[in-house]
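Residues per chain, in single letters:
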Amino acid sequence: MLRGAMGPARQWAMQHQQRVGTYFAAPDLVKVGQAHMMADTESLGEAGIAFIEGLAAMPEAERRVRIPTITDPRGTDFAAAARLKQQDWMIALERRAIAAFEALGILMTNTCINYQTIMPPVKGEHVAYGDTGVVIYCNSVLGARSNFEGGPSALAAGLTGYTPRYGFHLDAQRRGSLLVELNWTPEALHEWGALGGVIGRLAGDYWRVPVIVGLDRVPNSDELKHFGAAMASFGSVAMFHMPGVTPDAPALANAFDGTPPSAQKIGRSDVEALLASYAEGADAVDVVVFSAPQLSLIELQMVADLLEGRQAKVPLLAITSPQVKPDADRMGLTQRIEASGAMLLQGMCFYQSYARELAEANGWRRLATPSAKLTNILGGYGYRPVLLSMEACVEAACTGRLA
Amino acid sequence: MNVVREFTATAAMGEKIRGRALVANDGFSARYDLDRVTGTFSRPEHKLHGRSYLGMVLVLDRAKGGVATAWMLNEMAAREVMPAALVLNTVNPIMVQGAAFAGTTLMSGFAEDITRAVPDGALIELDPHAKPPVLRILGEPETGA
C-alpha cells in the first residue's frame, strides 16, 4: 500500500498513518475491526470535500474502504434545514460530501451513539473511532481499544484496515494514573455530564486515565454516555476506569501499576460550582437543545413525557440518530414531542451543524441544554450556554425564562 | 541571526519555519477556541481571546477537546486563515493527525513548560528535522507585542 501498488488512495492513507505513527513512536500497525469517521462539512470545508471527492473519483477497487466504516453526525437534517435557516451552500456541501463518502463504500450512519445502536465493539477489539464521546465510552465501558481518530485518520484506517499501534491500543497506556474519590452519586443526566466535566478538567490531558471510586450504584448507559462525553470534551480524556463497573479494572487493585496515588476528592459542591459558573446572570433563553450526544430512545421518552400537554415558547431542538428516529416515529414519541412545537431532528448534532451561522440566522445566543459537552463547546461559537436538568430545560422552553 | 536560547523537543513534524510567537498557558482546539473566519481566538475564557493567530507560531500548553481539529487545520490552511505553526507542551492524537493531514509544522514535548520559556511576541524558529527537534528563540518581542 505504501508503495502505491494498491492505488493512490490507500497510498495516501498509509503515508498519513506513517507520519502519525512516527510522531508517537508506534512500533507497527494494528488491524482494526471498524472505523467511525467524524466529517461534518463545517470541519471539512471546501478543501476537505474536494479531497474526498478526489478519492471518490478513483477506480472502485482502489477507493472502497476495506473494513466497516461508519459516520458521525452530519451537519444537517435535510428535512429541517429550512426551518433551521441553514443556507443553501451548507446543504450543497453536505450533499457533495455524502455522495463522495458513499462512493468510498462508507455507511452513512450519521451517529455518535453507535455503541448504543449499530455494532458495539467488544472487549479487546481494536477499532479506529472518531468521536471523543464514542472513544471514551468504548475504551472504558466496553473495553475496546481506540485512540481519538480524527476524520482523516479514521478514513485512512477504513482504507487500509489498520491504524498505528500507540496510545490506547497498548496495555501500558490503559493503566490508571489519577484516582478520583466521589462522596456523592449523581442522579440526573446533566449531573452525570457535569461530574464528567469536573473530572475532565482535573485530568486535563489525553494521556491521563482517571480511576473513579465511591459511586453508590452502577450507572446506566445513558448516564455513562453523558459522563464520558463531558470528560472527553472538558479534558480530552479518552478512557476511565470505574472498578466494579468497567471491564479493564474489575477492582481498584487492577487499575494501577503499583500503589494507587492519593485520591482527589470530588463531591456535589464541585458539580454545583460548575453548573453555577454557566448560570451566572442568565435569566432568559433563546433556544433549548437536547443533543451531544444524540438522544437515546429512553431520553426521547423522557422529553416526550416532560412536554406532554405543553407548548414551547422558544425553539426546542431534540436530536437523535437515524437509527432511533424510526422507533420514535413508530412509538408515537415524535408526534408527542412535535405536538408541543418542538422539533425532533435526526442524523445531525447541534455543534456540528454550523452553530455560529445558526445563531446569527435565528438570533440565538442564550442556550439551555442538559448536555455538559455542548455547554463546553458552544462558548467559542458565541453562545451563552447554561447547563440545566431536562425538566428545567423543558420549563425554560415553555416559558422562555429560567426559574 | 543570533540564537538567544534553544529548547529541544521529543517530537516534531513539518517544515522548518520562523515566525513570531503567540504564547499562552492555555489549551488549544480549533473548534472550541477559534473564530476561523476572522482568524481570532473567540472563546471568551481563553487567555488569547480576541487576539489574531494569523501567521503566528502558536505556543500553548496542550491539545484539548474533540476531533474536529484534524480536518479544520487543512481547511484553515486552504483559506490561508492559519497559524504558521503549532508548539505544545503536550499533544493528543488529533493535533498530530491534523498537522499530518494539513502539512502543518508541529512540535511538542519539552523539558520545561514551553509557554513560560518563550516570551509572547518573540521571534522563534522551529527545526523539526534537527535531531532532536529544536525550538530557537532568535529575538525579543517587538515593541507593543
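Conventions adopted
Residues numbered from 1 in each chain as written. Chains lettered and ligands numbered in written order. Predicted model: local features only at pLDDT ≥ 70, side-chain atom pairs only at ≥ 80, totals over all residues. Heavy atoms only, no water. Helix = DSSP H or I, 4+ residues; strand = E, 2+ residues; numbered from the N terminus. Rg over C-alpha atoms; globule rule 2.2 N^0.38 Å. Contact = heavy atoms within 4.5 Å. Buried area = accessible area lost by both parts, 1.4 Å probe. Salt bridge = Lys/Arg side-chain N within 4 Å of Asp/Glu carboxyl O. Nonpolar A, V, L, I, M, F, W, Y, C, P; charged D, E, K, R; others polar. Expected span 1.5 Å × (residues − 1). Buried < 20%, exposed > 50% of the residue type's maximum accessible area, 1.4 Å probe, protein only. Pairing = 2+ DSSP bridges. Domains from an automatic or database assignment. Polar contact = N/O pair within 3.5 Å; in protein donor to acceptor, adjacent residues only side chain to side chain. Axes fitted to C-alpha atoms, helices over the stretch in contact; angles between N-to-C directions. Left-handed = near helix turned anticlockwise from the far one by under 90°. Parallel < 35°, antiparallel > 145°, perpendicular 65-115°, else oblique.

Caption draft 1: Up close: the overall build of chain B. Check the secondary structure of chain B and you find four helices and 10 strands. For chain B, the α and β elements follow one another from N to C terminus as β-β-β-α-β-β-β-α-β-α-β-α-β-β. Over its C-alpha atoms chain B spans a radius of gyration of 14 Å, differing by no more than 12% from the 15 Å that the globule rule assigns to 145 residues. For chain B, the spread of C-alpha atoms along the three principal axes comes to 35 × 35 × 25 Å.

Caption draft 2: Fine view of the interface of chain B and chain A. Contact with chain B, which involves 36 residues of that partner, is made by 44 residues of chain A. Both sides together, the interface formed by chain B and chain A hides about 3100 Å², and carbon and sulfur atoms give 61% of it. At the boundary of chain B and chain A, one finds five salt bridges. Residues Asp205(A) and Arg62(B) are paired through a salt bridge, measuring 3.3 Å at the closest nitrogen-oxygen approach. Those elements that provide at least two residues to the side of chain B that touches chain A are strand S1 (5–13), helix H1 (30–33), strand S4 (34–35), strand S6 (57–63), helix H2 (69–78), helix H3 (93–102) and strand S8 (105–110) of chain B. Residue composition of the side of chain B that touches chain A, grouped by class: 21 nonpolar, eight polar and seven charged.

Caption draft 3: Expanded view of helix H4 (residues 88–103) of chain A. All names here are of chain A. With 16 residues, H4 extends 23 Å from end C-alpha to end C-alpha; this agrees with the ideal 22 Å at 1.5 Å per step. Within the sequence span of H4, burial applies to Met90, Ile91, Leu93, Glu94, Ala97, Ile98, Ala100, Phe101 and Ala103. Tucked into the core, H4 has its buried residues touching strand S2 (35–37), helix H2 (41–56), helix H3 (60–63) and helix H15 (355–362). Of the residues one or two after H4, glycine 105 is the one with positive phi, at around 85°.

Caption draft 4: Layout of the sheet that holds S2(A). All names here are of chain A. With parallel pairing, three strands are arranged side by side in an open sheet as S3-S2-S4. Lying at the two open borders of the sheet, with one neighbouring strand each, are strand S3 (69–71) and strand S4 (128–129). As defined by bridge partners, S2 adjoins S4 across two bridges and the pair is classed as parallel. The residue of S4 that forms the bridge with alanine 35 is alanine 128.

Caption draft 5: Layout of the pairing of strand S9 (residues 123–127) of chain B. Residues and elements named next belong to chain B. Extensive coverage of S9 is indicated by the burial of five of its five residues. Side chains Leu123, Glu125 and Asp127 of S9 all project onto a buried face; the interleaved residues Ile124 and Leu126 project onto the opposite face, where all are buried too. Strand direction decides the pairing type here: strand S2 (residues 17–23) and S9, joined by four bridges, are antiparallel. The residue bridging arginine 18 from the neighbouring strand is glutamate 125, located in S9. The pairing of S9 with strand S10 (residues 134–139) spans five bridges and is classified as antiparallel. Note that in S10 the partner of leucine 126 across the bridge is leucine 135. Between the antiparallel neighbours S9 and S10 lie six residues.

Caption draft 6: How the structure looks around the domain arrangement of chain A. All names here are of chain A. Domain annotation of chain A identifies domain 1 (8–169), domain 2 (175–275) and domain 3 (281–399). In this assembly, 29 residues from domain 1 lie in contact with 28 residues from domain 3. Carbon and sulfur atoms make up 55% of the area that domain 1 and domain 3 hide from each other, which totals about 2200 Å². On the domain 1 side of the contact with domain 3, Glu42, Asp77 and Leu84 bury the most area, a combined 27% of that side's loss. Note that lysine 373 and aspartate 131 form a salt bridge whose closest N and O atoms lie 3.7 Å from each other. Taken together, domain 1 and domain 3 are joined by 13 residue pairs in polar contact (both at pLDDT 80 or more). Those elements that provide at least two residues to the side of domain 1 that touches domain 3 are H2, H4, helix H5 (114–117) and helix H6 (132–140). With three residues, H4 is the largest single contributor of residues to the side of domain 1 that touches domain 3. Looking at the side of domain 1 that touches domain 3 residue by residue, the class counts come to 10 nonpolar, 11 polar and eight charged.

Caption draft 7: Spotlight on the packing of helix H8 (residues 189–203) of chain A against helix H9 (residues 221–235) of chain A. All names here are of chain A. Between H8 and H9, the least distance of the axes is 7 Å, while the angle of their chain directions is 30°. As H8 packs across H9, the resulting crossing turns out to be right-handed. The segment H8 lies against H9, with Leu189, Trp192, Gly193, Leu195, Gly196, Gly197, Ile199, Gly200 and Arg201 engaging Asp222, Glu223, His226, Phe227, Ala230, Met231, Phe234 and Gly235. Counted by class, the contact of H8 with H9 contains eight nonpolar, six polar and three charged residues.

Caption draft 8: Representation of the pattern of salt bridges within the structure. Residue and element names in this part refer to chain A. In total, this model carries 39 salt bridges over all chains according to the counting rule given. Here arginine 175 makes a salt bridge to aspartate 257, at a shortest N to O gap of 2.9 Å. Of this pair, arginine 175 sits in the loop between strand S5 (162–164) and strand S6 (178–182) while aspartate 257 sits in the loop between helix H10 (252–255) and strand S8 (264–266); the two residues are 82 residues apart in sequence, bridging distant segments of the chain. Of the residues examined, arginine 175 reaches a relative accessible area of 24% and is grouped as partly exposed.

Caption draft 9: Summary view of the environment of Leu297(A). All names here are of chain A. Inspection of the secondary structure puts leucine 297 in helix H12 (residues 297–307). Through-space distance from the C-alpha of leucine 297 to that of aspartate 327 is 7.6 Å; in sequence the pair is 30 residues apart. Residues in contact with leucine 297, not counting those within four places in the same chain, are Val324, Asp327, Ala328, Met331 and Leu333.

Caption draft 10: Structural detail: unusual backbone geometry. Cis geometry marks the peptide bond from Ala292(A) to Pro293(A); its omega dihedral reads -5°. Relative to the helices and strands, Pro293(A) resides in strand S9 (residues 287–295). Here the residue pair Lys131(B) and Pro132(B) is connected by a cis peptide bond, since its omega of 0° sits within 30 degrees of zero. With respect to the helices and strands, the residue Pro132(B) is situated in the loop between S9 and S10. The backbone of Ala25(A) shows a phi angle near 55°, a positive value even though the residue is not glycine. Position of Ala25(A) relative to the elements: it lies in the loop between helix H1 (8–23) and strand S1 (29–31). Here Ser236(A), not a glycine, exhibits a phi torsion of approximately 60°, which is positive. Relative to the helices and strands, Ser236(A) resides in the loop between H9 and H10.

Caption draft 11: Fine view of the packing of H2(A) against H2(B). Contact pair H2(A) / H2(B): the axes reach a minimum separation of 7 Å and the direction vectors enclose 80°. Classified by the interaxial angle, the pair formed by H2(A) and H2(B) is roughly perpendicular. For the pair H2(A) and H2(B), the contacting residues are Glu42(A), Ser43(A), Leu44(A), Gly45(A), Ala47(A), Gly48(A) and Ile52(A) in the first and Trp71(B), Met72(B), Asn74(B), Glu75(B) and Ala78(B) in the second. Class assignment of the residues belonging to the contact of H2(A) with H2(B) gives a composition of six nonpolar, four polar and two charged.

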